[in-house]
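# Working through the structure, step by step
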Amino acid sequence: MPDFKTDVVLPRDPDSNLKAATKQYVDARAPKITVSSSAPSSPSTGDVWIDTT
């Protein structure tokens, strides 16, 4: 395993499944998680709803 002493800079978004991704790239694609006692009014594909009742 490499022992990095400085930051690793990724030049672009990954173009295949096993390449590294920046936090910004992952955050932009993460599902929205709703914690509520009622379902979201207009959910999108991939959104997660956790029922607290």
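Residues numbered from 1 in each chain as written. Predicted model: local features only at pLDDT ≥ 70, side-chain atom pairs only at ≥ 80, totals over all residues. Heavy atoms only, no water.

### Comments concerning the overall build of the protein chain
Along its length, the protein chain carries one helix and two strands. In sequence order, the protein chain lays out its α and β elements as α-β-β. Its C-alpha atoms give the protein chain a radius of gyration of 17 Å, clearly above 10 Å, the size a compact globule of 53 residues would have. The dimensions of the protein chain, computed from C-alpha atoms along their principal axes, are 45 × 20 × 15 Å. Buried residues in the protein chain amount to 4% of all 53 residues. Total accessible area on the protein chain is roughly 5000 Å²; 54% of this is exposed by carbon and sulfur atoms. Between the centroid of the 6 positive side chains of the protein chain and the centroid of its 7 negative side chains there is a distance of 5 Å. (Helix = DSSP H or I, 4+ residues; strand = E, 2+ residues; numbered from the N terminus. Rg over C-alpha atoms; globule rule 2.2 N^0.38 Å. Buried < 20%, exposed > 50% of the residue type's maximum accessible area, 1.4 Å probe, protein only. Areas by Shrake-Rupley, 256 points an atom, 1.4 Å probe, with all protein chains shown as cover. Lys, Arg positive; Asp, Glu negative; His and termini not counted. Charge placed at Lys NZ, Arg CZ, Asp CG, Glu CD.)

### Structural notes on the pattern of salt bridges
Here the structure, examined in full by the defined rule, presents three salt bridges. The partner of K5 in a salt bridge is D3, with the nearest N and O atoms 2.9 Å apart. This pair shows no difference in class: K5 is exposed, exactly as D3 is. (Salt bridge = Lys/Arg side-chain N within 4 Å of Asp/Glu carboxyl O.)

### Quick word on the environment of L10
By secondary structure assignment, the location of L10 is in the segment before helix 1 (23-29). Relative accessible area serves as the criterion here: at 32%, L10 is assigned to the partly exposed category. When the C-alpha atoms of L10 and A20 are compared, they prove to be 7.7 Å apart, with 10 residues separating the residues in sequence. Aside from chain neighbours lying at most four places away, what touches L10 is A20, A21 and T22. (Contact = heavy atoms within 4.5 Å.)

### Some details on the confidence of the model for the protein chain
With 100% of its residues at a pLDDT of 70 or more, the protein chain has an overall mean of 84. For the protein chain, the element scoring lowest by mean pLDDT is strand 1 (residues 33-36), at 81; helix 1 scores highest, at 86. (pLDDT = per-residue confidence, 0-100.)

### Description of the environment of T45
Examined against the element boundaries, T45 turns out to sit in the loop between strand 1 and strand 2 (48-51). Exposure remark for T45: the relative accessible area of 87% places this residue in the exposed category.

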